[in-house]
Amino acid sequence: MKRILIALVLFAGLAWALPADSAPPTIGKTRTVILIHGLYLTPACWDDWRRYFETRGFKVLAPAYPGLSGDPAAIRALHPDPNLARLALPEVLQSYREIIDGLDEKPIIIGHSMGGLIAQILLNEGRAAGVVAIASAPTHGIVSPATAGFVHGFRFVRNGWGFVDPFASDDLPLTLSIEKFKTEFANGIPEPEQERLFAALTIPASRRLGKGALSEVSAVDYEKARGPLLFVSGAEDHIIPASVNRNNAAAYAPSAGVTALREFDGRGHFFIRQPGWEDVADSIVRWIEEQR
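Residues numbered from 1 in each chain as written. Predicted model: local features only at pLDDT ≥ 70, side-chain atom pairs only at ≥ 80, totals over all residues. Heavy atoms only, no water.

*Asks:* Is there a simple way to explain the overall build of the protein in this structure?
*Replies:* Each helix and strand in the protein was counted, giving 13 helices and seven strands. For 292 residues, the compact-globule formula gives about 19 Å, and the C-alpha radius of gyration of the protein, at 18 Å, lands near that figure. In terms of its C-alpha atoms, the protein occupies a principal-axis envelope of roughly 60 × 45 × 45 Å. Out of the 292 residues belonging to the protein, those deemed buried represent 54%. Partitioning the contacts of the protein with sequence separation of at least 6, the portion at a separation of at least 24 is 79%. (Helix = DSSP H or I, 4+ residues; strand = E, 2+ residues; numbered from the N terminus. Rg over C-alpha atoms; globule rule 2.2 N^0.38 Å. Buried < 20%, exposed > 50% of the residue type's maximum accessible area, 1.4 Å probe, protein only. Contact = heavy atoms within 4.5 Å.)

Shown next as structure tokens:
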């Protein structure tokens, strides 16, 4: 019924890259988890996950992007909000740096979609003990605009076009229609629940922030030693296809750090709220404990 493809991305070069008496960095004893949401969403998308991790002894934080901590309906009512339109990746990254720098320990960061990209950047900066990137937006250079449609499917290009459309104004945030939410973003979720989640969680998205995934701001050093990194993807994801996460994971081949990839059948982009999300969370917790 459910097939889980678990592939530890182990590479031949790793053995000689590490001294004989050393080992890749581990997550260590940290029990702090930061949950980072993606575009079109608020931290409320993590409510079930927050409770899940808290019952397992973790301290959980789920901060919003700057200026997006309010009620989704109130945020939607401000559209087109010039403050939201100005939101860009450097500002969002800085907000999470400041939160992390105020903690007593390096956190485990779990990010969804754009949150997965943000988590990878913070890991590369040495601010995370380990990262789980769920349906992650790719780091700089993973997706070539010239070949994206051929490699990852034209649905992927179509769904991301609103952020890169040269004729669209960056001062007009993107909105997500209920139709696109149902068919592309939250596919795999029963329709009544799709409608409830759309009303309860979705907000407009900054084009400037979305473009950050294609800029050098999202570049990381793939060879750098860092804590464990797990990519989790859904086989039916139309927003960030599983192939994007495979390519992103493979880019870390030279790193002296654990890189793993887990792909779940039947899961769309928003599978953190899809029925059976607990199976994904269970898998993540087991992986975290294995990295200590």
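*Asks:* For this particular structure, what's the right way to read the environment of Leu78?
*Replies:* In this structure, Leu78 sits in the loop between helix 3 (72-77) and helix 4 (82-86). The sequence separation of Leu78 and Pro204 amounts to 126 residues, and the corresponding C-alpha distance is 9.5 Å.

*Asks:* I tried to follow unusual backbone geometry on my own but got confused; where do I start?
*Replies:* Both trends apply: most residues other than glycine have a negative phi, and most peptide bonds are in trans. Here His79 and Pro80 are connected by a cis peptide whose omega angle stands at 0 degrees. Looking at the element boundaries, Pro80 is found in the loop between helix 3 and helix 4. In the Ramachandran plot, Tyr40 falls in the positive-phi region, its phi being about 75 degrees despite a non-glycine side chain. Mapped onto the elements, Tyr40 comes out in the loop between strand 2 (32-36) and helix 2 (47-54). Despite not being glycine, Ser113 shows a phi value in the positive range, around 60 degrees.

*Asks:* Can you walk me through the pairing of strand 2 in this structure?
*Replies:* A regular strand places its side chains on the two faces of the sheet in alternate fashion. Of all five residues in strand 2, five are buried; the element is thus mostly enclosed. Across three bridges, the pairing between strand 2 and strand 3 (residues 59-61) is parallel. Bridging from a neighbouring strand, Val33 pairs with Val60 of strand 3. One crossover worth recording links strand 2 to the parallel strand 3 by way of helix 2, and it is right-handed. (Pairing = 2+ DSSP bridges. Right-handed = clockwise from strand over helix to strand, strands pointing away.)

*Asks:* Please clarify how the environment of Val244 should be interpreted in this entry.
*Replies:* For Val244, the position within the fold is in helix 12 (residues 242-251). Here the alpha-carbon distance between Val244 and Gly70, two residues 174 residues apart in the chain, equals 32 Å. In this view, Val244 contacts Ser136, Pro138, Ile142, Val143, His152 and Phe156; residues no more than four positions away in its chain are not counted.

*Asks:* Whenever I open this one, the packing of helix 9 (residues 178-185) against helix 10 (residues 191-201) confuses me. Can you help?
*Replies:* Helix packing geometry: the angle between the two helix axes and the distance between the axes. Contact pair helix 9 / helix 10: the axes reach a minimum separation of 10 Å and the direction vectors enclose 125 degrees. On the basis of the axis angle, helix 9 is oblique to helix 10. Helix-helix and strand crossings are classified by hand; for helix 9 and helix 10 the assignment is right-handed. On helix 10, the residues that touch Ile178, Phe181 and Lys182 of helix 9 are Glu191, Gln194, Glu195, Leu197 and Phe198. (Axes fitted to C-alpha atoms, helices over the stretch in contact; angles between N-to-C directions. Parallel < 35°, antiparallel > 145°, perpendicular 65-115°, else oblique. Left-handed = near helix turned anticlockwise from the far one by under 90°.)

*Asks:* I would appreciate a short explanation of the packing of aromatic side chains in the present structure.
*Replies:* To describe a pair of aromatic rings, you give the distance between the ring centres and the angle between the ring planes. For the structure shown, the criterion picks out 15 aromatic pairs. Members of the aromatic cluster, each reached through a chain of ring pairs, are Tyr40, Phe163, Phe181, Phe185, Phe198 and Phe270. In this arrangement the basic side chain of Arg56 is found over the ring face of Tyr52, its NZ or CZ atom lying 3.6 Å from the centre. (Phe/Tyr/Trp six-rings, centres within 6.5 Å; stacked < 30°, edge-to-face > 60°. Lys NZ or Arg CZ within 6 Å of the ring centre and 35° of its normal.)

*Asks:* What am I meant to see in the packing of helix 5 (residues 89-101) against helix 6 (residues 114-124) here?
*Replies:* Orientation of helix 5 relative to helix 6, taken along the N-to-C sense of each, is 60 degrees, at an axis distance of 11 Å. In terms of their interaxial angle, helix 5 and helix 6 are classed as oblique. In this structure, the crossing between helix 5 and helix 6 has a hand that is right-handed. Counted together, Leu89, Val92, Leu93, Tyr96, Arg97 and Ile100 of helix 5 and Ile118, Ile121 and Leu122 of helix 6 form the full contact between these two elements. Each residue belonging to the contact of helix 5 with helix 6 can be placed in one class, and the counts come to eight nonpolar, no polar and one charged. (Nonpolar A, V, L, I, M, F, W, Y, C, P; charged D, E, K, R; others polar.)

Honestly, it's all geometry; don't read function into it.
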